[in-house]
There are 2 protein chains.
Amino acid sequence: MNIPDLLQQVPLFHGLDDQIIDHFCHHANHRQIKKGSMLCAPDDVAHNFYIIESGWIKLFRDTQDGQEAVLDIVTTYGMFGESSLFGKDTYGWYAEAVEDSNLLSIPVNILKDAIQNHQMFAVNMITAMSEHRRRLDGEIERFMLQNAPQRVGCFLLKLTPKSAWDGDNPCPPITLPYNKALVANRLGMTPETFSRALKALKKNTKITMSKSTIEIEDINSLAAYSCEACSNFFPCAEDTDKRD
Amino acid sequence: MNIPDLLQQVPLFHGLDDQIIDHFCHHANHRQIKKGSMLCAPDDVAHNFYIIESGWIKLFRDTQDGQEAVLDIVTTYGMFGESSLFGKDTYGWYAEAVEDSNLLSIPVNILKDAIQNHQMFAVNMITAMSEHRRRLDGEIERFMLQNAPQRVGCFLLKLTPKSAWDGDNPCPPITLPYNKALVANRLGMTPETFSRALKALKKNTKITMSKSTIEIEDINSLAAYSCEACSNFFPCAEDTDKRD
DNA sequence: CGAGGGTTTGAAGTGCATCAAATAGTGTGG
DNA sequence: CCACACTATTTGATGCACTTCAAACCCTCG
């Protein structure tokens with residue numbers, strides 16, 4: 001995909017003058033990265049901001065006793081590195097490709113200048129950060145209150161297309177976007193617990209599955225089960241913006 | 001405290017022209033609020049942004065099955081409401097005074113205008129949001145990986161003054177800022193677990209306590225115990241900016 | 001002194017992690 | 001196309017961490 005079209009897909013770049021979009025394009029670089037390779041480490045100074053064209057990027061940290069905290073897993077039209085623009089200038093996590101991926105990189109200096117010289121871009125950035133914060137608030141809430149099967153259910157619900165949200169249209173089969181161990185980690189549980197959580201969902205809600213494909217026969221029953229320990233009914237506000 | 005002096009204490013307002021500070025002051029209002037009373041609900045449209053002059057404000061949500069998720073507890077020179085400026089315009093949580101508190105309120109429209117017309121303010125806002133995001137990332141990591149005593153230890157460490165951080169100077173007695181049940185909730189555990197976690201800390205690190213006062217005899221032993229399951233040693237980056 | 005909230009303690013149960021082993025899937029070279 | 005190796009996933013058994021429920025204790029304040 002060419003660069004202007006790609007930027008057009010990312011809310012951060014909506015509604016900007018052609019002139020500044022051109023400027024971004026001029027300084028942007030495509031970057032291919034192979035599965036398993038690392039883009040940055042927590043203490044690296046963030047020289048680049050990234051937009052994902054295709055693939056999956058895992059953002060994570062490792063602890064002193066050797067565990068891993070997966071903070072986010074970003075895919076097409078997602079971005080990362082924007083939180084290192086002002087204030088602390090390190091990334092704060094490792095970024096690792098969990099699939100072969102295509103990224104666009106833009107030097108953070110270009111973004112910094114744009115923020116200082118184009119109100120619209122600054123506003124877009126603040127909007128994006130506000131939305132991200134709402135997502136994180138939701139995540140903290142879920143960690144506080146949901147059990148493992150509910151977190152898995154919530155994760156599945158977020159994979160459903162908007163078209164199925166009213167519950168009238170049937171939900172197409174869901175395919176897990178990456179391997180189960182990674183999903184488990186992202187949800188703060190072990191692969192074993194994840195496996196058993198799926199079984200619990202099969203028992204308690206109307207879903208069926210074979211290998212990595214899950215059929216949600218009744219999205220409402222899944223939502224009733226999963227959102228019970230959450231402050232929002234499905235579809236939650238957090239999801240509403242960003243799909244289909 | 002008069003309004004300009006208060007704003008001076010909040011990083012969001014650092015380095016701004018007198019003119020715009022005056023403008024903020026002109027539109028700001030003091031507000032007293034009594035313990036137990038509610039400032040806003042999750043679905044309220046955020047007309048005001050708040051800065052805390054004194055007291056403690058609990059930001060929380062309640063779930064369908066009647067539990068509470070305490071997302072933050074804010075005190076002097078802290079602020080809230082800034083994440084509702086652009087994008088979704090509701091607060092997203094209840095704000096309740098857990099002590100008699102004094103706040104300063106500023107209409108969000110004033111802030112919106114300022115962001116659009118003063119780059120410096122926009123940059124400050126982005127900086128503040130970046131820092132908040134780092135804090136939330138840390139919080140998620142801790143929920144994923146730390147057990148209850150470690151989370152409590154981490155909470156205690158954050159209450160220590162900078163002067164004690166090198167471990168040479170003795171640490172003054174720490175007083176819990178609000179009741180234990182609330183601390184427990186904030187850390188995602190029950191009051192019972194919190195109580196037992198403190199006992200575990202007493203057993204495993206060099207701390208002693210009586211009622212709500214805690215003596216940290218050796219800050220390093222507490223840090224070694226608490227930060228083991230964390231990606232950062234104490235003092236963590238998250239804390240470095242914001243005290244003493 | 002007695003009432004009531006906050007806090008601690010104890011006993012019992014649940015949920016998740018851990019460890020070990022079985023099974024299913026995937027890719028490789030013969 | 002099959003045999004093999006290797007990884008991903010599931011299953012089972014056990015233990016620990018945290019919750020729950022109940023009761024005791026404490027502190028403060030009338």
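Everything discussed here concerns the structure shown above.
The following refers to the structure shown. Nothing here was measured: the structure is a model prediction, and the numbers come from that model. Sequence positions are assigned chain by chain, starting from 1 and proceeding in written order. In the order they appear in the text, chains get letters beginning with A and ligands get numbers beginning with 1. This being a predicted model, a pLDDT of at least 70 is required before a residue's local features are given, and a value of 80 or more before pairs of side-chain atoms are given or counted; all residues contribute to the totals for chains, interfaces and linings.

1. So, the interface of chain B and chain A
Each partner contributes residues to the interface: chain B has 43 residues there, and chain A has 44 residues. When contributions to the side of chain B that touches chain A are tallied by element, the ones reaching two or more residues are strand 4 (56-62), strand 5 (68-75), helix 3 (108-117) and helix 4 (119-145) of chain B. Looking at the side of chain B that touches chain A element by element, the count peaks at 20 residues for helix 4 of chain B. In this classification, Asp, Glu, Lys and Arg are treated as charged, Ala, Val, Leu, Ile, Met, Phe, Trp, Tyr, Cys and Pro as nonpolar, and every other residue, Gly included, as polar. Taken together, the residues of the side of chain B that touches chain A break down into 19 nonpolar, 13 polar and eleven charged. By the criterion used throughout, residues are in contact when their C-beta atoms, derived from the backbone, lie within 7 Å. A run of H or I in DSSP becomes a helix once it reaches four residues, and a run of E becomes a strand once it reaches two; helices and strands are each numbered from the N terminus.

2. Thoughts on the relation of the copies chain B and chain A
Here the copies were fitted onto each other by least squares, based on C-alpha atoms from residues at pLDDT of at least 70 in both. In the superposition of chain B on chain A (RMSD 0.0 Å, axial shift 0.0 Å), the rotation amounts to 180°. Taken together, the rotation and translation describe the operation of a two-fold axis. Comparing contact sets, 100% of the residues at the interface of chain B also lie at the interface in chain A, consistent with an isologous, same-surface contact.

3. Looking at the sheet that holds strand 10 (residues 207-210) of chain A
Spatially, three strands are ordered 9-11-10 (chain A) in an open sheet, and the strand pairing comes out antiparallel. Where the open sheet ends on each side, the last strands, each with one partner, are strand 9 (174-175) and strand 10 of chain A. When DSSP locates at least two bridges between a pair of strands, those strands are taken to pair.

4. Some thoughts on the pairing of strand 7 (residues 94-97) of chain A
All names here are of chain A. Buried means a residue has 20 or more other C-beta atoms within 10 Å of its own C-beta, exposed means 12 or fewer, and partly exposed covers the counts in between; C-beta atoms are placed from the backbone. The side-chain alternation of strand 7 yields two buried faces, one formed by Y94 and E96 and the other by A95 and A97. Pairing of strand 2 (residues 38-40) with strand 7, which is carried by two bridges, proceeds in the antiparallel orientation. Paired with M38 across the strands is E96, a residue of strand 7. The pairing of strand 4 (residues 56-62) with strand 7 spans four bridges and is antiparallel. Considered in strand 7, the bridge of L59 is made with A95.

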